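Breakdown of the fold
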Amino acid sequence: MEEKRKTELILCEDDDLQRQNLARTISAMAPDLTVTELRDAAGLQRFLQKPLYEPGHRIYLMDIVLGNGENGIDLARFIHRIDPNAPIIFMSAYLEKSCEVYEVEHCYFIYKPQKEQRLKAALAKAMKQLEEQPQPLVIHDGTAVYRIDPSAILCMERVRRCTYITCRNRILKAREDLEELLKHLPDTFVQCHRSYVVNFAMTSAFYGTEFEMANGLHIPVSRARQQEIRQAYSGFLLKEEALC
């Protein structure tokens with residue numbers, strides 16, 4: 001039987017001594033984690049060029065104030081584009097940074113003088129977030145089988161007997177129809193038209209009669225569904241605001 005891969009924790013800290021001590025502490029505290037040490041933005045960017053063996057199996061522990069004026073919050077935005085499901089834990093010796101972290105989605109903030117008391121809770125929350133992620137969507141195209149991270153899907157279009165699934169970096173074709181696919185997707189996915197499903201989380205605007213997606217694509221909303229979709233989208237936005 002193939003050995004199950006461990007969850008990987010990416011530790012980005014520019015102070016060598018602090019990084020090494022923290023890596024040892026984490027390894028002792030959470031032996032199921034594999035710790036990878038990085039010290040700057042260049043190292044992180046090189047690391048992120050490596051392919052993910054499976055989405056949602058990394059946790060990032062980011063110092064906010066790095067050397068050469070680098071900012072861990074800016075790097076977190078870059079991480080979210082490459083590895084969108086990964087929980088990010090921020091840490092800083094500067095308490096005022098606890099307000100700035102709300103500029104980007106994150107899992108936990110650790111004030112460095114309290115890291116011994118906070119680290120275990122932060123890791124537990126990050127692991128729980130990974131466990132609660134939606135299961136991959138399985139689709140079929142002829143003899144090919146694909147497993148897709150739902151958060152990477154922007155929208156879906158049914159054309160004759162095929163469903164075209166638009167993801168961040170590719171379009172896939174599936175034999176499953178929209179109704180069948182919706183059974184296996186989170187509630188952010190809504191059918192806005194007989195032929196279209198959109199992922200609210202990947203929209204950039206709603207104009208009443210159509211959605212604009214994050215990639216600039218425009219998806220129509222049928223007249224019969226406009227009021228229903230407006231209410232559902234308003235509920236999504238309120239929920240999203242409450243999480244910020």
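Residues numbered from 1 in each chain as written. Predicted model: local features only at pLDDT ≥ 70, side-chain atom pairs only at ≥ 80, totals over all residues. Heavy atoms only, no water.

Moving on: the side chain of Arg19. You can see Arg19 is positioned in helix α1 (residues 16-29). Residue classification places Arg19 among the buried residues on the basis of a relative accessible area of 9%. Only 2.8 Å separates the side chain of Arg19 from the backbone oxygen of Glu13, close enough to count as a polar contact. Within the structure, Arg19 has its side chain in polar contact with the side chain of Glu37 (distance 3.2 Å). Beyond its immediate stretch of four places on either side in the chain, Arg19 contacts Leu11, Glu13, Asp14, Glu37, Leu38 and Arg39. (Helix = DSSP H or I, 4+ residues; strand = E, 2+ residues; numbered from the N terminus. Buried < 20%, exposed > 50% of the residue type's maximum accessible area, 1.4 Å probe, protein only. Polar contact = N/O pair within 3.5 Å; in protein donor to acceptor, adjacent residues only side chain to side chain. Contact = heavy atoms within 4.5 Å.)

Further remarks concern the pairing of strand β11 (residues 189-193). Counting buried positions along β11 gives four out of five residues, so the element sits mostly inside the fold. Inspection of the sheet shows β11 paired to strand β12 (residues 196-199) by four bridges, in the antiparallel sense. Following the sheet pairing, Val190 is matched in β12 by Val198. (Pairing = 2+ DSSP bridges.)

This brings us to the sheet that holds strand β5 (residues 108-111). Spatially, β2-β1-β3-β4-β5 is the arrangement adopted by the five strands of the open sheet, whose pairing is parallel. Edge positions in the open sheet fall to β2 (33-38) and β5, since each of these has one partner strand only. When the angles between neighbouring strand axes are averaged without regard to direction, this sheet yields 20 degrees. With four bridges connecting them, strand β4 (residues 88-92) and β5 associate as parallel partners. Each bridged residue has a counterpart across the sheet, and for Phe90 the counterpart in β5 is Phe109. (Axes fitted to C-alpha atoms, helices over the stretch in contact; angles between N-to-C directions.)

Let us now look at the side chain of Lys112. Tracing the backbone shows Lys112 in the loop between β5 and α5 (115-131). Sequence-distant contacts of Lys112, that is, excluding residues within four places in its chain, are made with Glu13, Gln18, Asp63, Met91, Ser92 and Ala93.

Of the two faces of strand β14 (residues 210-213), only one is covered, namely that formed by Phe211 and Met213; the face formed by Glu210 and Glu212 stays uncovered. Two strands pair when backbone bridges link them, and strand β13 (residues 203-206) and β14 are joined in this way by three bridges, in the antiparallel orientation. By the bridge assignment for β14, Thr203 is matched with Met213. The antiparallel pairing of β13 with β14 creates a hairpin that spans three residues between the two strands, and Gly208 there sits at a positive phi of about 90 degrees. Relative to strand β15 (residues 218-220), β14 runs antiparallel, the two being bridged by three bridges. Across the sheet, Glu212 pairs through a bridge with His218, a residue of β15. Hairpin remark: β14 followed by β15, antiparallel, with four residues in the connecting loop; positive phi at Gly216, about 95 degrees.

Helix length check: α1, at 14 residues, gives a terminal C-alpha distance of 20 Å against a target of 20 Å (1.5 Å per residue), a fit within 8%. Taken as a whole, α1 has its buried residues at Arg19, Leu22, Ala23 and Ile26. The buried residues of α1 occupy one face: seen down the axis, they fall within an arc of 105 degrees. Exposed and oriented more than 90 degrees from the buried face of α1 are Leu17, Arg24 and Ala28. (Expected span 1.5 Å × (residues − 1). Arc of directions from axis to C-beta.)

With respect to the helices and strands, Arg118 occurs in helix α5. Of the residues examined, Arg118 reaches a relative accessible area of 38% and is grouped as partly exposed. The residues contacting Arg118, other than those within four sequence positions of it, are Tyr108 and Ile110.

Right, let's talk about the nonpolar core for a bit. Ranked by internal contacts, the top residues of the largest apolar core, which has 21 residues, are Leu44, Tyr60, Met62, Ile79, Ile88 and Phe90. Put simply, the parts of the chain that give this core at least two residues each are β1 (7-12), α2 (41-48), β3 (58-63), α3 (72-82) and β4. Setting aside its immediate chain neighbours within four residues, Ile79 contacts Leu44, Leu48, Tyr60, Met62, Pro84 and Ile88. If you look at the next biggest cluster of nonpolar residues, it comprises 19 residues, including Leu9, Leu11, Ile26 and Leu130. (Core = buried A, V, L, I, M, F, W, Y, C linked by side-chain atoms within 4.5 Å.)

What follows covers the packing of aromatic side chains. In this structure the tally under the stated criterion is seven aromatic pairs. A centroid spacing of 5.0 Å and a plane angle of 70 degrees characterise the contact between Phe200 and Tyr233, whose relative ring orientation is edge-to-face. Of this pair, Phe200 sits in the loop between β12 and β13 while Tyr233 is found in helix α7 (residues 226-243), placing the two residues 33 residues apart along the sequence. Under the relative-accessibility criterion, Phe200 is labelled buried at 2%. Residues Phe200 and Phe236 carry aromatic rings whose centres are separated by 5.6 Å and whose planes lie at 50 degrees to one another, so their mutual orientation is tilted. Taken together, the residues Phe200 in the loop between β12 and β13 and Phe236 in helix α7 connect sequence positions 36 residues apart. Here Phe200 and Phe236 have matching classes, each one buried. Taken together, the ring pairs in this structure connect Phe200, Phe206, Phe211, Tyr233 and Phe236 into an aromatic cluster. (Phe/Tyr/Trp six-rings, centres within 6.5 Å; stacked < 30°, edge-to-face > 60°.)

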